[in-house]
Amino acid sequence: MRIIGCRECDAVVVEPFVPDGGAAYCDRCGGLLFRRHSRTIEVCLALVVAAAILFAVANLYPFLAFQMQGQTTQTTLLSGTRALLDQGENAVAALVFLTVIASPACEIGLLLYVLGPVHFGFRLPGLALAFRFVEQFRPWSMMEVFLIGILVAGVKLADLAEIVPGIALYAFGLLIPILAAASNFLDAELVWRRIAGEA
Amino acid sequence: MRFSPLVGGPHAQCPVCRLVMKAPAERSEAPLACPRCGATVHRRKPESLARTSAYLIAALICYVPANVYPIMRSTSLGRAQEDTIVSGVVYLYESGMWPLGTIVLIASVVVPIAKIVSLGGLVVSVRRRSRWRPRDRAATFRIIELVGRWSMVDVYVVTILVALVHLGTLANVEVLFGAVFFAAVVVLTILAAESFDPRLIWDVLEEEEGRDVRI
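Presented here is a report on the structure given in the accompanying data block. Here the structure is a predicted model, which is why all the values come from computation and not from measurement.

Before going further, it helps to examine the interface of chain A and chain B. Interface extent is often summarised as the accessible area lost during association of the parts. Each side of the interface is counted separately: chain A has 63 residues, and chain B has 60 residues. With 11 residues, the single largest contributor to the side of chain A that touches chain B is helix α5 (residues 143-158) of chain A. A class-by-class count of the residues in the side of chain A that touches chain B yields 39 nonpolar, 13 polar and 11 charged.

Shown next, in the form of structure tokens:
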């Protein structure tokens, strides 16, 4: 018999049996207790590998190009934050860098670092620490919001000049549902048990 | 499926890996170390209400200049125009993009203030040891956590415009003061939500139920 707790109201329950793909909710506050995915490590590892490739593409190529009277400018994620730095807006630049580049990169990289060894059954140092950081970076990773930002910026520029979507924009479009699926399929409790050598 | 809780017992829950462990005493505030993941475990987030209130007050102060001051200046062929958050929304509606306009209106104007007011309400309700509709208050907090991030849209829009439109006198976009305050509002409200401990909503009910189940 295993005791688990509700993250939101601190109620303590005996871990119920939940069929694969199901979820358990707290009876007191209605919060999600956990989702059970017995193949969570395999599925998430596959999704995170895909996400890593798409993230690289999204960072290396421009996501929008802007053409006006024969002049073209284009922007990647990094050049966007650099443009803010050039205008002296260091705080805003740091915020954009943190939420669109650093946090997703850490989330993807650390998940690879954790899920790879757990799946293939070898040990790397600091697995627990790495997985702790995954949970800590998640609220600051805001790529899906950035995608809406691209759409709004595109609309605002559309009547001023010609807007050309770049490869990175398509990579973004794929990356966001894949990252969402990965965090949805991640049964963190099972990963913690594997890291602790319990299961 | 829903499962009933075994309320009570001096226990603490790891904020990171969610391992439930015994706490030395019911009201203990001494931090523990999680035996599974090594994180520091507090039974409740330390100084939760004071921190949340402080972030909320700071966010409220920044909310005013964030909306009053322009967030960017666009220059096109010598014609300069300064945009506030609200005028950006108006522009989207006027160009017939009402779905995007509505998203930005909700994300940039409604969400920050709704978040400050409702989180402030939660803090007051916990301070007053309210027993009023705890499930609905818990649901409110869940929504606050979920929607807060979407306020970043306008910060990203300005970033992208600045990165793309720098053609000198032909067309240029500059970030203005208001954007810094707006970004501050978003970050402060996210920090406020992270500092709030939703378990406090339930503590007052648990005291009166007085049930105690040992782990």
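This part covers the sheet that holds strand β6 (residues 72-76) of chain B. Residues and elements named next belong to chain B. Read across the open sheet, the 3 strands follow the order β7-β6-β8; overall the sheet is antiparallel. Two strands bound the open sheet, and with one partner strand each, they are β7 (79-83) and β8 (171-175). Within this sheet the neighbouring strands show an average axis-to-axis angle of 15°, counted without direction. As paired strands, β6 and β8 are joined by 5 bridges and run antiparallel to one another.

Bringing the packing of helix α3 (residues 98-127) of chain B against helix α6 (residues 177-195) of chain B into the picture now. All names here are of chain B. Contact geometry for α3 and α6: axes closest at 10 Å, N-to-C directions at 30°. The orientation of α3 relative to α6 falls into the category roughly parallel. In terms of crossing hand, the pair formed by α3 and α6 is left-handed. Across from P112, K115, I116 and L119 in α3, the residues of α6 making contact are V185, V186, T189, A192 and A193. Across the contact of α3 with α6, the residue classes tally to 7 nonpolar, 1 polar and 1 charged.

All names here are of chain A. Read across the sheet, 3 strands follow the order β6-β5-β7 without closing on themselves; strand pairing throughout is antiparallel. Whereas interior strands pair on both sides, the edge strands pair on one side only; in this sheet they are β6 (71-75) and β7 (162-165). Across the sheet, the mean angle from the axis of one strand to that of its neighbour is 20°, orientation sign disregarded. In this sheet, β6 lies alongside strand β5 (residues 64-68) in antiparallel orientation, the contact comprising 5 bridges. Paired with Q67 across the strands is T72, a residue of β6.

Turning our eyes to something else, we now look at the nonpolar core. Residues V92(A), V155(B), L161(B), A179(B) and A183(B) are the most contacted members of the largest nonpolar core, which totals 122 residues. When residues no more than four places from it in sequence are discounted, the contact partners of V92(A) are L84(A), V155(B), V175(B), A179(B), V180(B) and A183(B).

Among the residues of helix α2 (residues 85-94) of chain B, those classed as buried are I85(B), G88(B), V89(B) and L92(B). End-on, the buried residues of α2(B) take up no more than an arc of 100°, which puts them together on one face. Opposite the buried face of α2(B), by more than 90 degrees, sit the exposed residues S87(B) and E94(B). Next to the buried residues of α2(B) lie α5 of chain A together with α1 (48-68), β7, α3, α5 (153-164) and α6 of chain B. Looking at the residues trailing α2(B), positive phi occurs at G96(B), about 80°.

About the criteria used
- Residues numbered from 1 in each chain as written.
- Chains lettered and ligands numbered in written order.
- Predicted model: local features only at pLDDT ≥ 70, side-chain atom pairs only at ≥ 80, totals over all residues.
- Contact = placed C-beta atoms within 7 Å.
- Helix = DSSP H or I, 4+ residues; strand = E, 2+ residues; numbered from the N terminus.
- Nonpolar A, V, L, I, M, F, W, Y, C, P; charged D, E, K, R; others polar.
- Pairing = 2+ DSSP bridges.
- Axes fitted to C-alpha atoms, helices over the stretch in contact; angles between N-to-C directions.
- Parallel < 35°, antiparallel > 145°, perpendicular 65-115°, else oblique.
- Left-handed = near helix turned anticlockwise from the far one by under 90°.
- Core = buried A, V, L, I, M, F, W, Y, C linked by C-beta atoms within 7 Å.
- Buried ≥ 20, exposed ≤ 12 C-beta atoms within 10 Å, placed from the backbone.
- Arc of directions from axis to C-beta.

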